[in-house]
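The residues making up each chain are set out below.
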Amino acid sequence: ALSFNRMAESVEGMLADVAEKERLARELELAREIQESLLPARRLRHGTLEVRATFRPAAAVGGDYFDVFPVDERRLVVVIGDVAGHGLHTGLLMAGLKSTVAALIWEGYSGEELVSRVNGLLGDRRLGPIMTTLAVAEIDLVAGLLRITNAGHPPAHLIASGRCEELMAGSLPLGSARGRPAQLERPFPPGARLLLYSDGLVEAAGPSGEPFSYEQLSATVRDHAAAPAAELEAAIVEALDRHCADRALADDLTLIVVERDGGGDGA
């Protein structure tokens, strides 16, 4: 009888543990669905610009973030960020970053001033050190100009006028009082394409643990430099899937391709 009672108590405890795990799993699933709803559509057009995005979270709730802002007829702003870590805490920080950036953009901030203000607001948090990278790409169709402001994010790739360029702009991530964003400007004529991504792309590991790497990404971009945005995006994802085989991602992955139509000047 004593053995039976102990067994019954053990079963009851196991059932309670299972129910609790199922509840937590459902809560994480709801959090993931909410996070996904905060991200914009994966396909978007704004005048002569087309934006295509691929997003693959490594956990139920991740830290990657991107957003697209059609400020007016002549300007489009694309933002990509990465909050270090995974899980519900990281997802909440990502949501806070998204709302902060959106509010400042619609208030009229841009470029270095925008990123510096975001950095200042993150520095006011009382949650300890927060490692966050951010890149803001602003495209002016009338001026035919691209301006990228970077705070510790991986370098973008620009394909324009028959050239492929990796836009190197060294800077510290957000959250540092000494951090100052770096800024670059380049022509963005008809037919130009811009590639933005998170480090989950280049750090994605293959079966032997080797990363996809910046070098392999650059080689894929060069090999498909003449391809339109849809084919360039597909080529990068295909190369990544070949490299990773069936190995699961260790970090969130975001890939964005922005293309300006080649048939007009966008004015």
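As a reminder, the structure under discussion sits directly above these lines.
Residues numbered from 1 in each chain as written. Predicted model: local features only at pLDDT ≥ 70, side-chain atom pairs only at ≥ 80, totals over all residues. Heavy atoms only, no water.

**Regarding the sheet that holds strand β3 (residues 64–69)**
Within a sheet, neighbouring strands are paired by backbone hydrogen bonds and run either parallel or antiparallel to one another. Read from one edge of the open sheet, five strands run β3-β4-β5-β6-β9, paired in antiparallel fashion. Across the chains shown, the open sheet's two edge strands, defined by having one partner strand only, are β3 and β9 (182–187). Taken pair by pair, the neighbouring strands of this sheet meet at an average axis angle of 10°, ignoring direction. Relative to β9, strand β6 (residues 145–151) runs antiparallel, the two being bridged by six bridges. When the bridges of β9 are listed, Thr-149 appears paired with Gln-183. (Pairing = 2+ DSSP bridges. Helix = DSSP H or I, 4+ residues; strand = E, 2+ residues; numbered from the N terminus. Axes fitted to C-alpha atoms, helices over the stretch in contact; angles between N-to-C directions.)

**Considerations on the pattern of salt bridges**
Inspection of every chain in the model, using the stated rule, returns 13 salt bridges. Notably, a salt bridge pairs Arg-147 with Glu-138, separated by 2.8 Å at the nearest N-O pair. Given the relative accessible area of 22%, Arg-147 is considered partly exposed. Between Arg-242 and Glu-238 there is a salt bridge, and its shortest N-O distance comes to 3.3 Å. Of the two residues, Arg-242 and Glu-238 both sit in helix α6 (residues 229–244), four residues apart, roughly one turn of that helix. (Salt bridge = Lys/Arg side-chain N within 4 Å of Asp/Glu carboxyl O. Buried < 20%, exposed > 50% of the residue type's maximum accessible area, 1.4 Å probe, protein only.)

**What to know about the packing of aromatic side chains**
Scanning the entire structure with this criterion turns up one aromatic pair. Centroid distance Phe-69 to Trp-106: 5.9 Å. Interplanar angle 75°. Geometry classified as edge-to-face. Highlighted residues: Phe-69 in strand β3 and Trp-106 in helix α2 (residues 88–106), separated in sequence by 37 residues. We classify Trp-106 as exposed; its relative accessible area is 52%. (Phe/Tyr/Trp six-rings, centres within 6.5 Å; stacked < 30°, edge-to-face > 60°.)

**Some words on the pairing of strand β7 (residues 156–160)**
Burial within β7 is extensive, with five of its five residues counted as buried. Side chains Ala-156, Leu-158 and Ala-160 project from β7 onto one buried face, and the interleaved His-157 and Ile-159 project onto a second face that is buried too. Both β7 and strand β8 (residues 163–167) contribute to a ladder of five bridges, which runs antiparallel. Within β8, the position partnered with Ile-159 by the bridge is Cys-164. Where β7 hands over to β8, the hairpin turn is made up of two residues, of which Ser-161 adopts a positive phi near 55°. As judged from the three bridges shared by β7 and strand β10 (residues 193–197), these two strands associate in the antiparallel manner. Following the sheet pairing, His-157 is matched in β10 by Leu-195.

**Concerning the sheet that holds β10**
An order of β1-β2-β11-β10-β7-β8 is seen for the six strands of this open sheet, with the pairing classed as antiparallel. With one partner strand each, in any of the chains shown, β1 (43–46) and β8 form the two edges of the open sheet. Strand after strand, the sheet turns through a mean of 15° between neighbouring axes, direction not considered. Inspection of the sheet shows strand β2 (residues 49–56) paired to strand β11 (residues 253–260) by eight bridges, in the antiparallel sense. Paired with Val-51 across the two strands is Val-258, which belongs to β11. On the sheet, α6 packs against β1, β2, β7, β10 and β11 and is oriented at approximately 15° with respect to β2. (Contact = heavy atoms within 4.5 Å.)

**Some remarks on the environment of Leu-49**
Its location among the elements puts Leu-49 in strand β2. C-alpha separation for the pair Leu-49 and Ile-139, spaced 90 residues apart in sequence, amounts to 9.2 Å. Not counting the four nearest positions on each side in its chain, Leu-49 is found in contact with Leu-44, Leu-76, Ile-139, Leu-141, Phe-188, Val-258, Glu-259 and Arg-260.

**Some points on the side chain of Asp-82**
With respect to the element layout, Asp-82 can be found in strand β4 (residues 75–83). Setting aside chain neighbours within four positions, we find Asp-82 in contact with Gly-63, Asp-64, Met-131, Thr-132, Thr-133, His-153, Asp-199 and Asp-251.

**Structural notes on the environment of Gly-262**
Within the secondary structure, Gly-262 sits in the segment after β11. Assessed through its relative accessible area of 62%, Gly-262 is described here as exposed. With 214 residues separating them in the primary sequence, Gly-262 and Thr-48 have C-alpha atoms 8.4 Å apart. Beyond its immediate sequence surroundings of up to four residues, Gly-262 is in contact with Pro-190 and Gly-191.

**Observations concerning the nonpolar core**
Among soluble globular proteins, nonpolar side chains are generally buried collectively. Core analysis: the largest hydrophobic core is formed by 29 residues, its most contacted members being Leu-146, Leu-167, Phe-188, Leu-194, Leu-196, Ile-256 and Val-258. Of the residues forming this core, the biggest block, four residues, is contributed by β2. (Core = buried A, V, L, I, M, F, W, Y, C linked by side-chain atoms within 4.5 Å.)

**Concerning the environment of Leu-240**
Among the structural elements, Leu-240 can be located in helix α6. Accessibility expressed as a relative area gives 2% for Leu-240, which makes it buried. Dropping the residues within four chain positions of it, Leu-240 is found in contact with Arg-56, Leu-201, Ala-204, Phe-212 and Leu-253.

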